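Residue-level structural notes
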Amino acid sequence: MAQIKIKNLRKDFGTFNAVKSSTFTIEDGEFFMLLGPSGCGKTTTLRMMAGLELPTSGEIYIDGEEVGQKPASKRDIAFVFQLFALYPHMNVGKNISYPLLSQGMPKDQVKKRVAEVAEILGISDILKRPIGGLSGGDRQRVALGRAIVREPKAFFMDEPLGALDAEFREHMSEELRALHNRMGATTVYVTHDQLEAMQMGDKIVVMNHGSVEQFGKPQEIYDWPATMFVANFLGSPSMNFLRFEGMLGTNKSSIEMNGIDFKIPTALEGAKGKLAIGIRPEHIKFSDKAQYRGKVLATEYLGTTQIVTLTTPNGDVKVRTDATGKIKTGEKIGLNFDPRTVTIFNAENGKALLSNANQGVFNRG
Amino acid sequence: MSSYSITEPSKRQKWAAGSFVIFYAVVTLMPLLWIIATGFKSPSDAIAYPPKVVFQPTLEGYVNLFTTRTRATPEMLVQAGEPKTWYDRIVRQYDMVIAGPSRYGERFLNSVIIGFGSTFFAIVLGTAAAYAFSRFRVPLKDDLLFFILSTRMMPPIAVAIPIFLMFRQLGLNDTHAGMILLYTAINLSLSVWLIHGFINEIPIEYEEAALIDGYTRFQAFYKVVLPQATTGIASTAIFCLIFAWNEYALAALLTSGTAQTAPPFIPTIIGTGGQDWPAVAAGATIFLLPVMIFTILLRKHLLRGITFGAVRK
Ligand SMILES: Nc1ncnc2c1ncn2[C@@H]1O[C@H](COP(=O)(O)OP(=O)(O)OP(=O)(O)O)[C@@H](O)[C@H]1O
Ligand SMILES: [Mg+2]
């Protein structure tokens, strides 16, 4: 069990800058998600934490100790690879016992420990089987077994469910989460699936182009994104942006767009120029009284809810409403934005403007 | 109703394929079988025309291969008494006595030492180099690999004279060390390139997993990479051994006594006492055995390696 601290971590591959000065903290026992699109540097960050890649600069603390230049074998962590990397020339039991043998643990103790772990993961009956014939799920369990058998300080997992099919993924993610709750070990989990990140994580760090965009609890990040990138990456459909030229004064609690005043959380930061109102689809309500109107382009039925796409003077907007309401294509509808949930962005640099609603969530170093 | 399956060939197809394989096997094995048969013929049967397919087998060829004989006068024969062993008896038919062992045993042993020795070094050095090229950031990696391959871009015999002069200068002429060095050097480019390819195929995650599990890099290499590379290493070893074992020209030029290998020696058997084809054939037959055994032993390994790969993906 350990706290992990990343400070100004940077990685260059030749002239290519894969990770730019990342800083975040993973508390002891947390299930921590590293989330971001493909190529944003998640794997590179994780590999530096594990000791499989040397940082170009910056520090990594595991349990208070700086380990940046320490070899992987000395960090007392376990790594689950995307394709599991089970040793193909050993059977299931050997694979799981392999990390213990390196520590010189006596044979009978190893056997006992492997049996315990196999019991936890429900793979006691396949210990003698070769790796070759295992199903994806069983491989996953064996890989987990190899990771937990040593009781390391932390688990690092690089898209461990990526190789499984969709249906089984859901099942395994529940199993993983249950395992974490039972063991309580610090876990760092890499994924590019925002839904997976929000479902499983205690905390999420969102990365883009090698830099940390935001980190915090899933709901905080979802409700109060720090950047337009985060707002767009989380949620499906993602946050709506109504773009316009305008200005926002400090301490104002309304903003003018297309001559209409919108109530917003009190601004703690002013801006002028290209702005955007950010609002989640579920926070827009249809209202005949509303001044701001949109024309229905399409509806998408999802069972209990439906997604209505409208075109407005400030771009397309998606609204999530009850599936019971009848909405016709081409209809003009008034839109009401829930003022407590609005985030104003500076559309120039994509950063959210500080308000009294999101100030508690932001940690801008 | 007849059913058609892609996986199961029809009876006629099987029959055709079977006959073709047998025909091909007969064509390729014919010369080999003829050599083996000739080894068991008497000298007159060996050169009989039309060629004899059915003959009285004799070990004469093998006795002649392993011994030197002298023609004996009648008095000497009386003095020697009755032949004591089966090979004495064979030699007596021609009024000869065995004078001593021939040099074939030594030459054969030289071939074993030099062939297997150079294969061993080519594989050990080749594996180490290939692993480094595959896993470490080696400066000028591509250029170095190309340079290594370029040593094979002309036939080794083209540089036989410089090598001969160098060897003479270094005192390596007609020594085991010299021949092992030479064959290792020639085989090394092949082994580096082949094994490099095989190691590249092994995902690096296996080693990383082992490193995280607390093993040193050498342990990871030894316990995780090597077992998975055996297929490639075994086939490379076969290629290296076959080259070193069969090499004739350089051996003929650089060895004459102590370190002479079997290939340049076998033709010299003809010269001693007429054209002794059965002895030559016997020498060739025995010469074939080690490579055949080596290949058969490693072939089991190859097959196992191949099925491994099939399951993994
Ligand atoms: N060894 C390397 N040499 C050069 N560039 C590299 C190396 N490893 C990674 N990169 C580059 O660094 C960037 C980040 O890679 P990384 O693997 O960390 O991305 P990722 O976020 O894990 O993406 P994915 O979701 O596709 O796995 C990529 O553009 C990648 O091409
Ligand atoms: Mg990755």
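What you see is a predicted model, and the numbers here were worked out from it, not measured in a lab.

**So, the overall build of chain B**
- What chain B contains, in helices and strands, is 14 helices and two strands.
- Buried residues in chain B amount to 38% of all 313 residues.
- Considering only contacts within chain B whose residues lie at least 6 apart along the sequence, 74% involve residues at least 24 apart.
- Side chains of chain B give 24 positive and 18 negative charges; the mean places of these two sets differ by 5 Å.

**Focus: the overall build of chain A**
- In terms of helices and strands, chain A carries eight helices and 21 strands.
- In terms of its C-alpha atoms, chain A occupies a principal-axis envelope of roughly 75 × 45 × 35 Å.
- Across the 365 residues that make up chain A, the buried fraction comes to 53%.
- Expressed as a percentage of contacts within chain A between residues at least 6 apart in sequence, the contacts between residues at least 24 apart total 65%.

**Notes on the site of ligand 1**
Residue and element names in this part refer to chain A.
- As a structural note, the neighbourhood of ligand 1 is formed by Phe13, Phe16, Ala18, Pro37, Ser38, Gly39, Cys40, Gly41, Lys42, Thr43, Thr44 and Glu159.
- Measuring from an oxygen atom of ligand 1, one finds a side-chain N or O atom of Glu159 at 3.5 Å.
- Coverage of ligand 1 by the protein amounts to 60% of the 640 Å² it exposes when considered alone.
- Of all elements in the fold, only β2 (16-26) and α1 (42-50) reach the threshold of two or more residues within the shell around ligand 1.
- Sorting elements by how many residues they give to the shell around ligand 1 places α1 first, with three residues.
- A breakdown of the residues in the shell around ligand 1 according to their chemical character gives five nonpolar, five polar and two charged.

**Some remarks on the domain arrangement of chain A**
- With domains assigned, chain A is organised as domain 1 (4-223) and domain 2 (238-358).
- Computed over C-alpha atoms, the centres of domain 1 of chain A and domain 2 of chain A are 39 Å apart.

**A short note on the domain arrangement of chain B**
Residues and elements named next belong to chain B.
- As far as domains go, chain B holds domain 1 (12-58), domain 2 (67-102) and domain 3 (105-307).
- Each of domain 1 and domain 3 was reduced to a C-alpha centroid, and the two centroids are 31 Å apart.
- Each partner contributes to the interface: domain 1 provides 10 residues, whereas domain 3 provides eight residues.
- Counting the surface lost from both domain 1 and domain 3, the interface buries some 610 Å², and carbon and sulfur atoms represent 84% of this.
- On the domain 1 side of the interface with domain 3, the three residues burying the most area are Leu32, Ile35 and Gly39, jointly 47% of the side's total.
- Where domain 1 packs against domain 3, one counts zero salt bridges.
- Where domain 1 packs against domain 3, one counts zero residue pairs in polar contact (both at pLDDT 80 or more).
- For the side of domain 1 that touches domain 3, the elements supplying multiple residues, two or more each, are α1 (11-38) and α2 (43-46).

**With respect to the interface of chain A and chain B**
- Opposite the 25 residues of chain A that make contact, chain B presents 18 residues.
- Regarding the contact of chain A and chain B, the summed buried area is about 1,800 Å², with carbon and sulfur atoms giving 62% of it.
- Ranking the residues of chain A by area buried against chain B places Pro88, His89 and Tyr98 of chain A at the top, with a combined share of 31%.
- Joining chain A to chain B, the criterion identifies one salt bridge.
- The shortest N-O distance in the salt bridge between Arg47 of chain A and Glu208 of chain B comes to 2.7 Å.
- Counting the contacts that link chain A with chain B gives eight residue pairs in polar contact (both at pLDDT 80 or more).
- Tallied by class, the residues present in the side of chain A that touches chain B amount to 15 nonpolar, five polar and five charged.

**Let's talk about the nonpolar core**
- Residues Ile4, Phe24, Leu34, Phe79, Tyr87, Phe156 and Val188 of chain A are the most contacted members of the largest nonpolar core, which totals 73 residues.
- For this core, the leading source of residues is helix α11 (residues 217-246) of chain B, giving 12 residues.
- Not counting residues up to four positions away in its chain, the partners in contact with Phe24 of chain A are Ile4, Lys5, Ile6, Phe32, Leu34, Thr45, Val205, Val212 and Phe215 of chain A.
- Among the nonpolar cores identified, the runner-up in size contains 44 residues, and Met33, Val149, Ala197 and Ile204 of chain A belong to it.

**A closer look at the pattern of salt bridges**
- Taken as a whole and assessed by the stated rule, the structure comprises 20 salt bridges over all chains.
- Put simply, Glu245 of chain A and Lys274 of chain A hold a salt bridge, and the shortest N to O gap is 3.9 Å. Of the two residues, Glu245 of chain A sits in strand β11 (residues 240-248) while Lys274 of chain A sits in strand β14 (residues 271-279), which places them 29 residues apart along the sequence.
- Put simply, Arg47 and Glu53 of chain A together with Glu208 of chain B are held in one network by salt bridges that share partners.

**Looking at a nonpolar patch on the surface**
- There is a patch of nonpolar side chains on the surface, built from Ile22, Val26, Leu29, Met30, Leu33 and Ile36 of chain B and spanning about 540 Å² of accessible area.
- With respect to the secondary-structure elements, Leu29 of chain B resides in helix α1.

**Let's talk about the sheet that holds β11 of chain A**
All names here are of chain A.
- Pairing in this open sheet of four strands is antiparallel, and the strands run β11-β14-β20-β21 from one edge to the other. Both outer strands of the open sheet, β11 and β21 (351-352), are each paired with one neighbouring strand and no more.
- Pairing of β14 with strand β20 (residues 343-346), which is carried by four bridges, proceeds in the antiparallel orientation. Paired with Ile277 across the bridge in β20 is Ile344.

**Observations regarding the side chain of Ser173 of chain A**
All names here are of chain A.
- As for its placement among the helices and strands, Ser173 is situated in helix α5 (residues 166-183).
- Looking at Ser173, the relative accessible area reads 8%, which means it is buried.
- Among all residues touching Ser173, those that are not within four sequence positions of it are Leu161 and Met200.

**Structural notes on the pairing of strand β16 (residues 293-301) of chain A**
Residues and elements named next belong to chain A.
- Pairing between β16 and strand β19 (residues 332-337): three bridges, direction antiparallel. Among the inter-strand pairings, Arg293 is bridged to a residue of β19, identified as Gly334.
- Taking the residues that link successive antiparallel strands as the turn, the β16-strand β17 (residues 305-312) hairpin has three residues, and the phi of Gly303 there is positive, at about 90 degrees.

**Concerning the environment of Val63 of chain B**
Residue and element names in this part refer to chain B.
- By secondary structure assignment, the location of Val63 is in helix α3 (residues 60-66).
- For the pair Val63 and Ala279, spaced 216 residues apart in sequence, the C-alpha to C-alpha distance is 7.8 Å.
- Those residues within four positions of Val63 in sequence are excluded, and the remaining contacts are Arg69, Trp86, Tyr87, Ile90 and Val91.

**Observations regarding the sheet that holds strand β5 (residues 65-66) of chain A**
All names here are of chain A.
- With antiparallel pairing, four strands are arranged side by side in an open sheet as β2-β1-β4-β5. Two strands lie at the open edges of the sheet, namely β2 and β5, each paired on one side alone.
- For strand β1 (residues 4-13) and strand β4 (residues 57-62), the ladder comprises five bridges, and the chain directions are antiparallel. Looking at β4, one finds that Arg10 is bridged to Ser57.

**Things to note about the environment of Val205 of chain A**
All names here are of chain A.
- Among the structural elements, Val205 can be located in strand β9 (residues 203-208).
- Relative accessible area serves as the criterion here: at 0%, Val205 is assigned to the buried category.
- When the C-alpha positions of Val205 and Ile221 are compared, they lie 9.0 Å apart, and in sequence the two are 16 residues distant.
- Excluding residues that lie within four positions of it along the chain, Val205 makes contacts with Phe24, Phe32, Met33, Leu34, Leu35, Val212, Gln214 and Phe215.

Procedures and definitions
Residues numbered from 1 in each chain as written. Chains lettered and ligands numbered in written order. Predicted model: local features only at pLDDT ≥ 70, side-chain atom pairs only at ≥ 80, totals over all residues. Heavy atoms only, no water. Helix = DSSP H or I, 4+ residues; strand = E, 2+ residues; numbered from the N terminus. Buried < 20%, exposed > 50% of the residue type's maximum accessible area, 1.4 Å probe, protein only. Contact = heavy atoms within 4.5 Å. Lys, Arg positive; Asp, Glu negative; His and termini not counted. Charge placed at Lys NZ, Arg CZ, Asp CG, Glu CD. Near = heavy atom within 4 Å. Polar contact = N/O pair within 3.5 Å; in protein donor to acceptor, adjacent residues only side chain to side chain. Areas by Shrake-Rupley, 256 points an atom, 1.4 Å probe, with all protein chains shown as cover. Nonpolar A, V, L, I, M, F, W, Y, C, P; charged D, E, K, R; others polar. Domains from an automatic or database assignment. Buried area = accessible area lost by both parts, 1.4 Å probe. Salt bridge = Lys/Arg side-chain N within 4 Å of Asp/Glu carboxyl O. Core = buried A, V, L, I, M, F, W, Y, C linked by side-chain atoms within 4.5 Å. Patch = residues over 30% accessible without salt bridge, like charges linked within 9 Å, V, L, I, M, F, W, Y side chains within 5 Å. Pairing = 2+ DSSP bridges.

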